[in-house]
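# Breakdown of the fold
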Amino acid sequence: GSPLFPLRQEQAAMEMHSRDSARSVRRHHRWLRHWRRPLLADGADAEAAASDDEEQASGGCCEFCKEKLFWVVFALLCIACAASLIVLWVQGSEHLMVVMKLESIPIVSVLFTWGHIWLAVQMMFYPVSFLGVWNYKSSGYGLGWQGVVPRKAGIMAEKSCDLMVGRLIKMEEIVDRFHMDEFFETLGSVLIECQRGVNERLGPTYFPKLWPQIPQGVKDEILQRVMETQQECFHPIMADIRHNITSILNIKDMCVRRYTEEPTLLISLFQHVGRKEFEFIQRCGAQMGLLLGCAQMGLYFITKNIAWMPWVLLPVSGLIIGNFTNWLAIKMIFRPLHPHKICGGLMNIQGLFLKRQKQVAKELASILTDSCVNAESMIRYLVSSPGYEPALAIFDKHTSAACDEILGYAKNLAPIAVGADRWTNLKREVTTGLLEELPNHSSQFLKFVDHALQIEDTLAVRLANLPPDEFEGMLHPAFQEDEWMLILLGGVLGVVVGVLQAAVLGN
């Protein structure tokens, strides 16, 4: 659009206004009423939000059995062990110490397996920055530790974003979702205010004597003509943007840059999406710790009369338990990839994360759009990326054409009347003025763009329909990077705990 008044003499402007004043005023008010539509009314948003069938946390006996029953049983076993020791102590039994040693083995095994898996999960994410005394070439390795995810944030973001965004969303189809009628109907009143601000800023600057004398009705007529020209320019602008969108906005690079620069966002994404899986491997580790601890207790009872045996049995079994529980728990999250129905379809054997694919798809789409793939993030990325200049050139080109179109036959006289350089600068300042006005109405524009693009719904559907062998890539990078180190940690801690147990039980 352009703030220009056709370059006529003031007398001609006044004659035009007096000749058709009544008609233009009526048409102006009719036009304003047409454009001043509510901007994404809160009621409509609330209704749309209410219609979303978001996954609710299921309760009841099934969830209790999955998540709480083991710990209830374990607490009861601990109480029973304590009660038996109290009875033996009251009776003055000579077997008190032997029973105490035996009962402590499975309890320590449960606490150890749960504890070292919990520690491994925490070490995947924290500390965000290297904590220690020597960081080898700022690699995150050395005498200290940095969380696996923040240390490998660039690699993990590249892998995850390539799947989540790079292959699932094409920017051409996103651009096609902008429709002229919806755009101008929804944002009509905002566009009017933006253009009015540009007109009032540039009119007195380039026409200091003429502009104050132009009646308001004529200024409204000019504003109307500008808005009509904006509509005519919409499709050519969108066509140019679509043709050049890959050089203007790289949505995958935008996400990778955001998560690399702010690893806490990547940490939050993995933690939220994988929270069920992280809880599962800790709980599963504790359950396996109880079973293996009972076996460990049996072996200790059989070999308790061999003086050196605890120093071999307990550290070695601790090494096996630590490595095996970590390895098996991680495998159970992602394997098997595809569902295996047994018992007539009543049971489905499949990796836990893959079983939750539809639920995770919704959660992941919501997190991505909230933290990264939204209108505000796109604009922030665009203005600091190489694509900003091509985008600006497109708007400059069409703004210049619109200015000439508004003037009609007088377009050849404009450079003569105001000077060629001033005329060129004026057309450039139209684009600059609109860009300066937009931040005053940013919330309305951002709200409309997010509503029009529907990225969250698109991501949720396409993530839910991914093949399992591709979908596992959402979370698996968090485990794959330095997975061996986390498994080794379990074994090392198992040996340490085993040595301590042998020392205590030996006394």
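Structure first, text after, so check above.
The sections below set out a description of the structure shown in this document. (Residues numbered from 1 in each chain as written. Predicted model: local features only at pLDDT ≥ 70, side-chain atom pairs only at ≥ 80, totals over all residues. Heavy atoms only, no water.)

### Comments concerning the nonpolar core
So the rule is basically this: What we call a nonpolar core is a set of buried Ala, Val, Leu, Ile, Met, Phe, Trp, Tyr and Cys residues that are connected through their side-chain atoms within 4.5 Å. Relative accessibility decides the category of a residue: with a 1.4 Å probe and only protein chains considered, values under 20% of the type maximum give buried, values over 50% give exposed, and everything between is partly exposed. Working definition: helices are DSSP H or I runs of at least four residues, strands are E runs of at least two. Numbering for both runs from the N terminus. Any two residues having at least one pair of non-hydrogen atoms within 4.5 Å are treated as being in contact.
The biggest cluster of nonpolar side chains holds 105 residues, and the ones touching the most others in it are Y259, F353 and V373. Considering every element that reaches this core, the biggest residue donor is helix 10 (residues 180–206), with 11 residues. In contact with Y259, other than residues within four places in its own chain, are A153, A157, C161, L265, L266, L269, L368, S371 and C372. Formed by 8 residues, the second largest nonpolar core is a distinct cluster that contains I105, L313, L314 and A502.

### Digging into the pattern of salt bridges
Threshold: Salt bridge criterion: a side-chain nitrogen from Lys or Arg within 4 Å of a carboxyl oxygen from Asp or Glu.
According to the stated counting rule, one finds 11 salt bridges in the structure shown. Across the pair R196 and D220 runs a salt bridge whose closest N-O atoms are separated by 3.7 Å. Taken together, the residues R196 in helix 10 and D220 in helix 11 (residues 216–243) connect sequence positions 24 residues apart. Exposure remark for R196: the relative accessible area of 23% places this residue in the partly exposed category. If you follow the salt bridges from partner to partner, you end up with E173, R177 and R462 in one network.

### Notes on the side chain of S109
Which entries qualify depends on this criterion: Any pair of N or O atoms that falls within 3.5 Å is considered a polar contact. Within protein, one atom must be able to donate a hydrogen and the other to accept it, and sequence-neighbouring residues count only if both atoms are side-chain atoms.
With respect to the helices and strands, S109 occurs in helix 6 (residues 96–125). Within the structure, the side chain of S109 is placed 2.6 Å from the backbone oxygen of G289, a separation counted as a polar contact. Sequence-distant contacts of S109, defined by excluding residues within four places in its chain, comprise G289, G293, Q296 and I321.

### Some thoughts on the packing of aromatic side chains
This is how it is decided: Centres within 6.5 Å are what make two rings of Phe, Tyr or Trp a pair, Trp counting through its six-membered ring; a difference in plane orientation under 30 degrees is then read as stacked, over 60 as edge-to-face, and the rest as tilted. Look at NZ for Lys and CZ for Arg. If either is within 6 Å of the ring centre and within 35 degrees of the ring normal, a charge sits over the ring.
Per the stated rule, a full pass over the model turns up 8 aromatic pairs. Ring centres of F70 and W71 lie 5.1 Å apart, and the angle between their planes is 70°; this geometry places the pair in the edge-to-face category. For F70, a relative accessible area of 12% translates into the label buried. On the numbers, 6.4 Å between centres and 35° between planes, the contact of F324 with W327 is tilted. You can see F324 and its partner W327 sitting in helix 16 (residues 309–334), 3 residues apart, about one turn around the helix. Look at F324 and you get partly exposed, because its relative accessible area is 35%. Judged by its relative accessible area of 40%, W327 is partly exposed. Against the face of W145 rests R151, its NZ or CZ located 5.0 Å from the ring centre.

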